[in-house]
Each structure stands twice: as C-alpha cells, then as structure tokens.
Amino acid sequence: MKTTPRLHLDTELAQGLEIALPREQAHYLTGVLRLQPGDAVSVFNGRDGEWLAHLAEASKKGASLRCERRVSDVRPPPDIDYCFAPLKHARLDYVVQKATELGARRLRPVMTGRTIAERVNLDRMKANVVEAAEQCNLVYVPEVLEPVKLAKLLEAWEQDRALVYCDETAAAANPIAALQRLKLPAAVLIGPEGGFTEEERKHLSALSFVTAISLGPRIMRADTAAIAALTLLQAALGDWGAD
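The rules behind these values
Residues numbered from 1 in each chain as written. Predicted model: local features only at pLDDT ≥ 70, side-chain atom pairs only at ≥ 80, totals over all residues. Heavy atoms only, no water. Helix = DSSP H or I, 4+ residues; strand = E, 2+ residues; numbered from the N terminus. Expected span 1.5 Å × (residues − 1). Buried < 20%, exposed > 50% of the residue type's maximum accessible area, 1.4 Å probe, protein only. Contact = heavy atoms within 4.5 Å. Pairing = 2+ DSSP bridges. Core = buried A, V, L, I, M, F, W, Y, C linked by side-chain atoms within 4.5 Å. Phe/Tyr/Trp six-rings, centres within 6.5 Å; stacked < 30°, edge-to-face > 60°. Axes fitted to C-alpha atoms, helices over the stretch in contact; angles between N-to-C directions.

Asks: What is the right way to read helix H7 (residues 222-236) from this model?
Replies: An α-helical turn contains 3.6 residues, so a residue and the one three or four places further along point in the same direction. Here H7 contains 15 residues, and its C-alpha end-to-end distance of 21 Å stays within 8% of the 21 Å for a straight helix at 1.5 Å per residue. With 11 of its 15 residues buried, H7 lies for the most part within the structure. Looking only at H7, the buried set comprises Ala-222, Asp-223, Ala-225, Ala-226, Ala-228, Ala-229, Leu-230, Leu-232, Leu-233, Gln-234 and Ala-236. Looking at the buried residues of H7, the elements they touch are strand E6 (80-84), helix H2 (89-101), strand E10 (162-166), helix H5 (175-179), strand E11 (186-190) and strand E12 (210-213).

Laid out in structure tokens, this is it:
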C-alpha cells in the first residue's frame with residue numbers, strides 16, 4: 001500500500017488553488033519520492049486544516065500542487081506550553097521533536113543561571129517542529145517563541161496559567177496527584193543539566209501559580225525529564241485522559 005506523503009506549506013490552502021513549491025520540497029517530491037503529475041500529496045499549514053492535493057506539474061524548473069479538498073480540520077493540542085533551558089545541537093533537535101509529538105502547543109527557550117547553550121537557532125527549532133508534525137500526522141504546528149530570561153518569563157507570566165517545574169530536590173510524591181489538582185492552561189518548565197540555582201528555586205517556590213514536582217528517585221538528563229514531564233501533564237490534564 002502506497003503511503004501518501006505529507007508536506008507542511010507556509011501558504012494559504014483553498015480548493016482549486018495551485019501552489020508553486022519551494023525548490024527543496026519540489027526536489028523531495030519529484031527527485032526523492034519520484035512522484036508524477038496526478039499523484040496525491042497531503043498538505044497542511046497549521047491554520048487551514050489538512051488538504052488532499054495532487055501534483056499538478058513536475059519539471060526541471062520546479063513543481064506545483066493543486067488543492068482538491070479539505071480532509072481534516074485544524075486539531076490544536078491541549079493548551080500546554082513547554083518552557084526549557086536550551087540544550088546543545090542534536091539533543092535540542094531531539095527534545096524539540098519529542099515535545100511536538102507529545103502535544104506541546106508552544107515551545108519557548110528559557111535562559112537560566114546554569115544554561116550552557118549561549119545561542120538558540122530558532123530557524124532550526126522551527127524546522128524540527130515542522131518535520132515532527134509532518135511525520136506524526138499532526139494538523140497543527142506548535143509555535144516557537146523567542147528565548148527569554150527566566151526572571152522576565154516569570155515577571156510577565158499569565159496568572160491563570162499553571163506553571164509546573166521539575167525539581168530534583170522536591171519531596172518524592174505522586175506527581176499525578178499533584179497535577180490533577182491543576183487546570184488548563186498550563187506549562188512545564190525544565191531546567192538545564194545542572195538544575196536550577198538555589199536563588200531560582202526560591203523565586204519559583206514563592207509564586208502562587210507554580211507547582212514543583214519530583215520525577216522520581218533517579219536524576220534524569222534534561223531531555224529525558226522533558227519527555228517524562230510532558231507525558232505526566234498529558235495524562236493528568238491533557239487529551240490522553242479524555243473520554
């Protein structure tokens with residue numbers, strides 16, 4: 001059975017609309033997948049739902065798709081943000097992809113006292129988000145926000161959004177029970193490899209909208225902690241527990 005390829009397009013989608021593809025996407029469909037005019041392609045942009053399209057033209061000069069019909073509406077995940085101290089290179093790619101797969105609605109790098117990565121390549125983050133959405137049949141693309149310092153993030157925080165942060169020094173308890181007392185919207189905050197500083201912990205624990213949870217008796221790497229925390233939030237508050 002032939003699988004219909006999926007593409008994220010940064011353009012309007014509408015019935016009968018013919019869309020000229022960027023060079024890389026044209027090469028992927030015609031040079032890598034060897035599609036021919038008339039072959040089906042699923043397309044989405046995160047705003048207009050998912051559409052069945054067909055390859056309208058394919059030549060050395062480029063390729064275009066024609067939108068035929070909408071097959072699915074936009075399906076945004078629960079309102080859960082993923083805020084994190086950025087990691088380096090491949091591990092950042094990995095955690096961004098997994099956060100997308102796990103249903104984070106927004107991704108935001110947060111610079112903390114012990115953050116190692118000095119710069120964040122937002123274009124690379126966005127490319128990883130799109131790739132994960134394409135591969136995992138998502139009809140929504142999480143928003144990638146600009147980096148912010150932890151103090152500024154907390155100062156401008158929406159008071160009705162619960163903030164869960166993973167603290168290896170928190171008393172060991174059932175995190176699901178703690179999370180089930182919260183309501184959406186929510187966010188999870190993952191610190192750097194060295195953890196939060198004592199000053200940062202004191203600042204976080206003094207805020208009424210913050211809940212600290214333990215991820216168990218083992219110390220996890222930051223990328224592992226991200227996956228564990230987002231899994232817990234989806235189970236307690238998100239669409240994993242939906243009827």
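Asks: How should the pairing of E10 be read in this particular structure?
Replies: Look at any regular strand and the pattern is simple: side chains alternate between the two faces of the sheet. In terms of residue burial, E10 counts as a mostly covered element, since five of its five residues are buried. Where burial is concerned, the two faces of E10 agree: the one with Ala-162, Val-164 and Cys-166 and the one with Leu-163 and Tyr-165 are both buried. Relative to E11, E10 is paired through four bridges, and the arrangement is parallel. Bridge pairing in E11 places Ala-162 opposite Ala-186.

Asks: Sorry, what's going on with the side chain of Thr-211 here?
Replies: Along the polypeptide, Thr-211 turns up in strand E12. A residue is classified by how much of its surface remains accessible, and Thr-211, at 18% relative accessible area, is buried. Ignoring sequence-local partners within four residues, the contact set of Thr-211 consists of Leu-163, Val-164, Tyr-165 and Leu-182.

Asks: When you look at the nonpolar core in this model, what are you seeing that I'm missing?
Replies: A general tendency of soluble globular proteins is for nonpolar side chains to be buried together. Ranked by size, the top nonpolar core spans 39 residues in total, and within it Tyr-82, Leu-107, Met-125, Leu-179, Val-188 and Ile-190 carry the most contacts. Of all the secondary-structure elements, those providing two or more residues to this core are E6, H2, helix H3 (122-135), E10, H5, E11 and H7. Here this core gets eight residues from one element, more than from any other, and that element is H7. If we skip the residues at most four places from it in the chain, Met-125 touches Phe-84, Leu-92, Val-96, Leu-107, Pro-109, Val-120 and Val-144.

Asks: Can you walk me through the pairing of strand E5 (residues 62-72) in this structure?
Replies: Here strand E2 (residues 18-20) pairs with E5 via three bridges, running antiparallel. Counterpart to Ile-19 in the pairing with E5 is Leu-65. Note that strand E4 (residues 50-59) and E5 share nine bridges and pair antiparallel. From the neighbouring strand, Ala-58 faces E5, where its bridge partner is Ala-63. Remark: two residues form the turn of the hairpin made by E4 and E5, two consecutive strands paired antiparallel.

Asks: How should the packing of aromatic side chains be read in this particular structure?
Replies: Any pair of aromatic rings gets described here by the distance separating the centres and the angle formed by the planes. Summed over all chains, the structure comprises three aromatic pairs. Relative to Phe-84, the ring of Tyr-82 has its centre 4.6 Å away and its plane inclined at 10°; by these criteria the two rings are stacked. Across this residue pair, the class does not change: Tyr-82 and Phe-84 are buried. Ring centres of Trp-157 and Phe-209 lie 6.0 Å apart, and the angle between their planes is 15°; on these two criteria the pair is classed as stacked.

Asks: What's the story with the sheet that holds E5 in this structure? I'm lost.
Replies: Pairing between the strands of a sheet is mediated by backbone hydrogen bonds and can be parallel or antiparallel. Taken in spatial order, the five strands of this open sheet run E1-E3-E4-E5-E2, and their pairing is mixed. Looking at strand neighbours, the two that pair on one side only are strand E1 (6-8) and E2, the edges of this open sheet. Each neighbouring strand pair of the sheet contributes to a mean axis angle of 40°, computed without reference to strand direction. Its contacts with the sheet place H3 against E1 and strand E3 (40-44), and it is angled at close to 150° to E1.

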